[in-house]
Every structure is written in C-alpha cells, then in structure tokens.
Amino acid sequence: MGWTRKDLLAMRDLDASEILLLVDTAATLQEIAGREIKKVPALRGKTIVNLFYENSTRTRTSFEIAGKWLSADVVNFSAGGSSASKGESFIDTAKNIAAMSPDVVVVRHSSAGAAELLARNLSCSIVNAGDGAHEHPTQALLDLLTIREHKGHFEGLSVAIVGDIAHSRVARSNIHGMRKLGMTVTVAGPPTVIPPFVQEMGVKVAYRLEDAIRDVDVIMMLRLQHERMTNGLIPSLREYSRYWGLTLDKLQAQARPDVLIMHPGPVNRGIELSPEVADGPYSVILDQVTKGVAVRMAVLFLLAGSKGAEQA
Amino acid sequence: MSLLIRNGRVVDPANSLDAVQDVLIAGGRIERVGRDLPPAAAATVLDATGKIVCPGFIDIHVHLREPGYEYKETVASGTRAAAAGGFTAVCCMANTRPVNDNRSITDYIRAKAAVEGVVRVYPIGAVTRGLGGEELAELAELAEAGCVAFSDDGKCIMNAALYRRAMEYTLPFGAPVISHAEDQHLSRGASMNEGVVSTELGVAGVPAAAEDIMVARDILLAELTGAHVHIAHLSTAGAVRLVRDAKARGVRVTAEVTPHHLLLTEDAVRSFDANAKMNPPLRSKHDAEVLLEALVDGTIDCVATDHAPHAGSEKEGEFDRAAFGIVGLETAVGLMLDRLVRPGALPLATLISRLSRDPARLLGLPGGHLAPGAPADLTILDPAAEWTVDPARFQSRSRNTPFGGWPVTGRPWKTIVGGGVVFE
C-alpha cells in the first residue's frame, strides 16, 4: 500500500498500515543523519512553508532540517512580526501563502482544527504540527519509531501516559496511534486533567502514579503547563511534583527494569521528571528528538515526493 | 380586500380543528372557517387543495441584528427570511448595538418594522443595562414601549439577587423574563458540549450541568417571586427533567427548543465546522431524544429558532474563535416536517401548535388560532414539495447554517400576514 492522502492531519484518520508505512519510511531515512553530506535530492524544487502560529523551537527546527536534508526550499513564517500581528486573519494569511504555490504547508496553531481548516481551504498538502489540544501526529510517529527501535515491535506493549491529558495533543495522537498498533494505554493524572469519557478512546485511567507505571513497557511523561495552576486544575506545582513527579525512587520501586522513559519536551526538570530520571539510563528523550527529523522527512517525502518521482 | 382559501386541510389546534375546510378572510381578520364557503364572497380565491392551512407561525427567539449589526441582518432582511420560512411574527432579542435596553431603541425597531417589516415584529427588551448583568434596565418604560418580554439572551444573569428583582419588578407587566441558562464559570472558554467528542477533539467543552444549574436556579426564583420565567433554547435532558418537575408543582415556567437541538448532535462538530457551533451547544443523542419527547408531551411549550445570523468572515476561521449561532428561520419548518413529522416522531398538529398557538399564549401575542375575529395571519404548507436547502438562496443576509445541501420534503407554500400574502 502506498501513501494516498493529500494531508497529514490526525492519527485518528490513519489506519495501521498507513502508520506503519510512515514509521518504516522514517526508519530507512534515519541513516541520512549519520552521513557526512546530509542531503538527498528527493524534494529538490519543492517549497515547504512552516506556518507557525504558536511558539515552537524544537518542532519547527525539526521540520526545517527535515525539509533541507531532502533539498526542499523551506520558508519559516511565524505569527509574531508578520501580517498576523497586523490583524490579518489566519485563513487570509494562509490563502495568501497558498497563492505563492508552496507544495506543503506545515502548520502549528493554538486552535484545535486549524490544520483541518487549511486542508479544506488550500490545495497544497497540509501537515499538522500541532493544533491546540487536538493532535500532533508527527510527535506520535516519532514516539512510535523510538518505541519500536528499543522494543522491536508494537503489538502487546503497554504504555502509561502521565500528566495533563486534557490539554495534550501529544496524548491524543499517541492514544490513537498506539491503540491502532495493538498497544494498551493507561492515562494517569489528577482527575482535573483527565478529560471526561476518555475511556471511550480505548484507554484505562489511573489516579495514582504508582498504579500507572507498574509493569508497563513505556512511561510517557507530559509537560505540565504552569497556567494549569492558575486555572484551578492543580493546587500548586509543589504538590503536583510530589504526587505526580517521576523520581528515581518511584521508578525503581514500581517500574520494570527495562522500562523506557519518554517525554515530548521541553522538560520541566524537578516537576514532572527529576533530573536523574530525565538524564538517566531509562530515558530516551534525546533519541525521540533525533527520530523526529527522520519522521518529518518521511512525512514530507510521502506527501510531496512521490508525485515528483512519478513525473521524473 | 377579502380572500377565500379553499379546500385546504385546516389544522387549528386552538380550536381542535383538523379537516378539509375553507377559510374566509376579510378586513385583515378571519371571517369564517367552514365547509363549502361560497366563492362569490371573496375578491380573491386561493385553491389550497393538498395544502395544510395553519395559524401563522410565531418565532419568539430571533436576532434581527438591527440596529448595529446590519451587515449580519436587518429588520427588512430578517423579516423577509421569516416570511420565507413560514413565520408571520417574530420576537427579536435585545443584543443589538446599542442594546435594546431603553425605549428609544424599542421605538426604532418598531418604526423600522412598521415601514420595512414583512411580518409582525415584537421586540424583547434587555433585563439589564447594556446586557451588563449589573443594573436593571428601565423595564417599565420598555414594557410601555411594546416589549413583550425581557431577556439578556446571549448572556446569563449570574447575579441571582438582581435576577430576582427583575422578576419581581416585571410582575405587573404580564411579560415574562426569558432566561439564557448558562453558568458562565462552568462554560468559560468552551466552544462545544463537554463529552466524548470534545475529549477527542481537544476542544474545551461546557458540561450539561452549566445549563441545568441555572434552569434549577431560575425555577426556584420563579417560585420565590411568582413570576413567569421562560427558558430559552433548552438543550439538556437534565433541564427537561427540571422543567417537567417544576410544571408539575405549578411553577410558572415555560420552555422552548430549537430545531437544531432536536435534529443534530455534538457529532456534527467532528469536522470542526463552525456552523455546528452555537450556544447552547449541540448535545448528545440522548439529549436530543429527550428534548423531542418533551416537545411532544408539552413539557417544552414551543419551537423557536434562535435565528442568529453572522457574516461569513465570523464563521470561516478557527473553530474556537468563530461566532456562536446559526440562522434558522428559513429551514426550521421544512426540516421539522421532513425529519420529525414525516417519520412519525412528532404529530403534525403538535408541531403546528408548538409553532402557533403555544408561543402566542406564552407571550400573550395576538394570533395563534383561526377563530373568527383573529388576525388573518396564516401559514400554508405544501407537505409534498421537494427541495434542497441552498444557503445562497436565503432571504437572510447571512448563510451560516449546518443544513446546507440537506434534501427536504415539505415547506411553507404561502405566508399570509393581516390578510396579505407576504411570501409565496
């Protein structure tokens, strides 16, 4: 099965074979990072616009490097210091950019559905680089690639996702992806950050960290946004860290010795992860970042590359 | 001018009539309803064979947007839309700019309606100045100027003490307060119903409890004050239960439901279509089923559209930033005939009653029945007409509907106000 979609919007849309195609393609592209000359001509003559309406260093840089290694022309557009700050609407800005004939627009926006909105309105390919609390499919794909590299397979693995599930696009994309690949998922956090009816997405819920991390293959810790405190969802960072922060003690007392610790970054050291855990032997956090470039190369290649290849 | 409507199926719930009869109109009023009235009696004869002749439909919840938002709708365009949708009268909400919180605005709306209005227009006055929820508007003067009810619709009056005083103060006017029941702390930031769909989409949701809490509060305040409280756009099963219990205890509470809360659920939001965004939001399938039951059994007194026109630019952007609300005047009757009456879920006579007799009684408006002497406001339906909802053809200035492209059987055939045909 080849890739047939115009856009990559959400893991919810994909079936298992499409997810595996993306992960497999990324796995083969990983070796480019090890070359002395990190450049292949796959997307030569293609234009990619990174349309970022929300701050992001890691994701934007990762997409930019991925595009450049594939020889595409990559243009970065961020909302600050642009027409958006002059009051132009998102959809107008996007239509103006589309009028310059890019092949792919990579979009990051604080509103859920922003990528769908562009996909409906623009004829170029759209990649969702995170839309509000909805989805972040390339993050889930890089997480999946990381897991497979370390565990060798997906089927039957168990994962705990810990933290602010309600506001996490990373959690949603991973839940969809992991469930489709036969993994079991437990989400855990204080009840105020567990969204209602989340069990209907096919996950279990735990309200104690100890229950969540016992005997799982992977622990994915989420970043706690500081504003959750002022919104009354948690009483204090101190209390959150005490009950939900993953420390070496808790890890060694409850988790399996071969557990993987993951985090989408940026890490709040000392809050959701103690430094010994973040930098310790279980952690694959930097490996996730490395795999991110390969995954984004795979996505850009499958969306923009195949058509060009047929013509050539 | 006289008009004889011959051979239609006349459905007049107020007079327990459902039979093929003729209706004779003279001097803007109903003259007679009966079998085989002589055609010579009328200047004009209208053959309504195969059609359904009803008392004129009344929509007690419409946003005409004038003054202030004429780019969305005007009295002229909104009343044309009403006529095209089979409505002979509308009540317009106070959230104009400036707000209809003083008599000069009420006078302006009525003057506009007298000159440009195609159907009857009854203004609803604001409860609080500027819809600020802090000080009462000059309610007595608004009543004198012709406001038929009071509402801060679009906003919930969170201060129970102030709302209590509004209910007490308006008691002598015989005009109810209309509640937009929404606990604004529970709904802060929300763009849709809180449930499994909002969880999957990562969109902030408002729980049904935000509505139920305020419906419960307003029922208690109605009990405390003896006032008539009307609950706008009921959308939850819990609110239905509260209204049903309150009515059984004799509390003066009434309620309305919109066609979209009967016909759509939160699933319509899955594509992030801003035309599925309204307040209150589309709820669960269970809520929609309970609302329909309540409309059939009379717990819910009437259907109202909450016609809320918005410009395209206010609906085309990011979902969480899009305006709340949809237009409803031109689709309500056809959709309910097709999706509720035709499959047998809602008896025709009940629908007609909930659109005519019941809203008229609720607000003490003229019309709503076809007894001799009543205003000659009639809606004639063609139950067999097949059509497709095409927003481009709306009379309304706005196009924000989630029903575009829906195939529909049944629609208004003619709308008659004061004996004159205003839509055909």
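Think of each chain on its own: its residues are numbered from 1, step by step along the sequence as written. Working convention: letters from A go to chains and numbers from 1 go to ligands, in the order in which they are written. Only residues with pLDDT of at least 70 are given local features in this predicted model, and only at 80 or more are side-chain atom pairs given and counted; all residues enter the totals for whole chains, interfaces and linings.

> Please clarify how the overall build of chain B should be interpreted in this entry.
When helices and strands are counted, chain B shows 12 helices and 18 strands. The size measure is the radius of gyration over C-alpha atoms, and the globule rule it meets is 2.2 Å times the number of residues to the 0.38 power. Relative to its length of 424 residues, chain B is compact, with a C-alpha radius of gyration of 20 Å against a globular reference of 22 Å. On the principal axes, the C-alpha backbone points of chain B span a range of 65 × 45 × 45 Å. Partly exposed residues are those falling between the two cut-offs: more than 12 but fewer than 20 other C-beta atoms within 10 Å of their own, whereas 20 or more means buried and 12 or fewer means exposed, with C-beta atoms placed from the backbone. When each of the 424 residues of chain B is scored for burial, the buried share is 62%. For chain B, the share of sequence-separated contacts (at least 6 apart) that also reach a separation of at least 24 residues comes to 74%. Per the convention used, a helix needs a DSSP run of H or I reaching at least four residues, while a strand needs a run of E reaching at least two, with both numbered from the N terminus. Residues are defined as contacting one another if the C-beta atoms placed from their backbone atoms lie within 7 Å.

> What should I look at first to understand the nonpolar core in this one?
One broad rule of soluble globular proteins: the nonpolar side chains tend to lie buried together. All names here are of chain A. By convention the nonpolar core is taken to be a set of buried residues drawn from Ala, Val, Leu, Ile, Met, Phe, Trp, Tyr and Cys and joined through C-beta atoms within 7 Å. Formed by 246 residues in total, the largest nonpolar core has its most connected members in V105, V162, I219, M297 and L300. Here this core takes 12 residues from helix α12 (residues 285-311), the largest share from any one element. When neighbours within four sequence positions are excluded, M297 is seen to be in contact with A26, L29, A66, W69 and L70.

> Help me out: how do you make sense of the confidence of the model for chain B in this one?
Do not read the fine detail of predicted coordinates wherever pLDDT is low. For chain B, the mean per-residue pLDDT works out to 97, and 100% of the residues sit at or above 70. The ipTM assigned to the predicted complex is 0.94, against a pTM of 0.95. Along the chain, pLDDT gives the predictor's confidence residue by residue, from 0 to 100.

> Honestly, the sheet that holds strand β6 (residues 57-62) of chain B in this entry has me stumped. Any pointers?
Two pairing modes exist for strands in a sheet, parallel and antiparallel, and in both the strands are linked by backbone hydrogen bonds. All names here are of chain B. Spatial ordering of the open sheet is given by β6-β7-β8, a layout of 3 strands whose pairing is parallel. In this open sheet, the two edge strands, each paired with only one partner strand, are β6 and β8 (120-123). Across the sheet, the axes of successive neighbouring strands diverge by a mean angle of 20 degrees, strand direction being ignored. Two strands pair under a simple rule: DSSP has to find at least two bridges between them. Looking at chain direction, β6 and strand β7 (residues 87-92) are connected through 4 bridges and run parallel. Directly across from F57, in β7, lies its bridge partner F87. To get an axis, fit a line to the C-alpha atoms, keeping to the stretch in contact for a helix; angles then go from 0 to 180 degrees between the N-to-C directions.

> Please explain the sheet that holds strand β2 (residues 73-78) of chain A as it appears in this structure.
All names here are of chain A. Spatially, the 4 strands line up as an open sheet ordered β2-β1-β3-β4, and their pairing is parallel. Each edge of the open sheet is held by one strand with a lone partner, namely β2 and β4 (125-131). Pairwise comparison of adjacent strand axes, ignoring direction, gives a mean angle of 15 degrees for this sheet. Pairing geometry for strand β1 (residues 47-52) and β2, over 6 bridges, is parallel. In the strand pairing of β2, F52 is matched with S78.

> Help me understand the interface of chain B and chain A, please; the structure alone is not making it clear to me.
How large an interface is tends to be reported as the accessible area lost when its parts come together. With 16 residues of chain B at the interface, the matching set in chain A holds 20 residues. For the side of chain B that touches chain A, the residue count by class is 5 nonpolar, 5 polar and 6 charged. Gly falls in the polar group here, along with every residue not listed as nonpolar (Ala, Val, Leu, Ile, Met, Phe, Trp, Tyr, Cys, Pro) or charged (Asp, Glu, Lys, Arg).

> I tried to follow the pairing of strand β5 (residues 52-55) of chain B on my own but got confused; where do I start?
Strand residues, when the strand is regular, have side chains that alternate between the two faces of the sheet. Residues and elements named next belong to chain B. Relative to β5, strand β1 (residues 2-12) is paired through 2 bridges, and the arrangement is parallel. From the neighbouring strand, R9 faces β5, where its bridge partner is I52. In this structure, β5 lies alongside strand β16 (residues 378-388), joined through 4 bridges in antiparallel fashion. Within β16, the position partnered with V53 by the bridge is I380.

> When you look at the domain arrangement of chain A in this model, what are you seeing that I'm missing?
Residues and elements named next belong to chain A. Source of the domain bounds: an automatic or database domain assignment. Taken as a whole, chain A is organised into domain 1 (11-135 + 292-311) and domain 2 (137-288). Taking the mean C-alpha position of each, domain 1 and domain 2 sit 26 Å from one another. With 23 residues of domain 1 at the contact, the number on the domain 2 side is 19 residues. Ranked by the residues each element gives to the side of domain 1 that touches domain 2, the list is headed by helix α1 (residues 16-29), at 6 residues. Residues that form the side of domain 1 that touches domain 2 fall into these classes: 12 nonpolar, 5 polar and 6 charged.

> Mind showing me how you'd approach the domain arrangement of chain B here?
Residue and element names in this part refer to chain B. You can read the domains of chain B as domain 1 (2-52 + 374-387 + 407-423) and domain 2 (56-363). Domain 1 and domain 2 are separated by 29 Å when their C-alpha centres are compared. Elements with a minimum of two residues in the side of domain 1 that touches domain 2: β16, β17 (407-417) and β18 (420-423). Grouping the amino acids of the side of domain 1 that touches domain 2 by side-chain chemistry returns 11 nonpolar, 4 polar and 3 charged.

> Please explain the packing of helix α7 (residues 237-248) of chain B against helix α9 (residues 285-297) of chain B as it appears in this structure.
The relative placement of two packed helices comes down to the angle between their axes together with the axis-to-axis distance. Residue and element names in this part refer to chain B. At their nearest, the axes of α7 and α9 sit 8 Å apart, and the two run at 30 degrees to each other. On the basis of their axis angle, the class for α7 and α9 is roughly parallel. Contact residues: α7 offers A237, V240 and R244, while α9 offers H286, D287, V290, L291 and A294. Broken down by class, the residue content of the contact of α7 with α9 amounts to 5 nonpolar, 1 polar and 2 charged. Roughly parallel means an angle under 35 degrees; roughly antiparallel means over 145; roughly perpendicular covers 65 to 115; every other angle is labelled oblique.

> Before we go on, may I ask you to explain unusual backbone geometry in this structure?
Excluding glycine, a negative phi dihedral is what most residues carry, and trans is how most peptide bonds are arranged. The residue after G265 of chain A, namely P266 of chain A, is reached through a cis peptide bond having omega -10 degrees. Structurally, the position occupied by P266 of chain A is in the loop between β9 (260-262) and α11 (275-278). Cis geometry marks the peptide bond from E66 of chain B to P67 of chain B; its omega dihedral reads 5 degrees. Along the polypeptide, P67 of chain B turns up in the loop between β6 and α1 (75-84). A positive phi angle, near 65 degrees, is found at F197 of chain A, a position not held by glycine.

> Explain the environment of E293 of chain B to me, please; I cannot follow it from the model alone.
Residue and element names in this part refer to chain B. Along the polypeptide, E293 turns up in helix α9. A count of 15 C-beta atoms within 10 Å places E293 in the partly exposed class. A C-alpha to C-alpha distance of 9.5 Å links E293 and V240, two positions 53 residues apart in sequence.

> So what exactly am I meant to see when it comes to the environment of M1 of chain B here?
Residue and element names in this part refer to chain B. As for its placement among the helices and strands, M1 is situated in the segment before β1. Sequence spacing of M1 and S398 is 397 residues, and the spatial spacing of their C-alpha atoms is 35 Å. Other than its neighbours up to four places away in sequence, M1 contacts A43 and G419.

> Hey, could you run me through helix α3 (residues 90-98) of chain A in this one?
In an α-helix, one turn spans 3.6 residues, which is why side chains three or four residues apart end up on the same side. Those residues of α3 of chain A that sit buried are F90, A94 and I97 of chain A. End-on view of α3 of chain A: buried residues confined to an arc of 60 degrees, all on one side of the axis. The arc under discussion is defined with respect to the helix axis, by the directions toward the C-beta atoms.

> It is not clear to me how the environment of V159 of chain A should be interpreted in this structure. Could you clarify?
Residues and elements named next belong to chain A. Among the structural elements, V159 can be located in strand β5 (residues 158-162). Note on V159: 23 C-beta atoms within 10 Å, which makes it buried. Separated by 61 residues in the primary sequence, V159 and M220 place their C-alpha atoms 7.3 Å from one another. In this structure, V159 is in contact with M178, M183, V185, V216, D217, V218 and M220, ignoring residues within four places of it in sequence.

> Help me understand helix α4 (residues 114-121) of chain A, please; the structure alone is not making it clear to me.
Residues and elements named next belong to chain A. Counted residue by residue, α4 has 6 buried out of 8 residues, so it is predominantly covered. Considered for burial, the residues of α4 that qualify are A114, A115, E116, L117, L118 and A119. Contact partners of the buried residues in α4: α3, β3 (104-109) and β4.

> Help me understand the packing of α1 of chain A against helix α5 (residues 137-151) of chain A, please; the structure alone is not making it clear to me.
Residues and elements named next belong to chain A. Where α1 meets α5, the closest approach of the two axes is 10 Å, and the angle between their N-to-C directions is 65 degrees. What the angle tells us is that α1 and α5 run roughly perpendicular. Judged by the twist between their axes, the crossing of α1 over α5 is right-handed. Together, I19, L22, V23, A26 and A27 of α1 and L141, L144, L145 and R148 of α5 make up the contact between the two elements. Its residues assigned to classes, the contact of α1 with α5 comprises 8 nonpolar, no polar and 1 charged. By convention the crossing between two helices is left-handed if the near helix lies anticlockwise of the far one by an angle smaller than a right angle, and right-handed if it lies clockwise.

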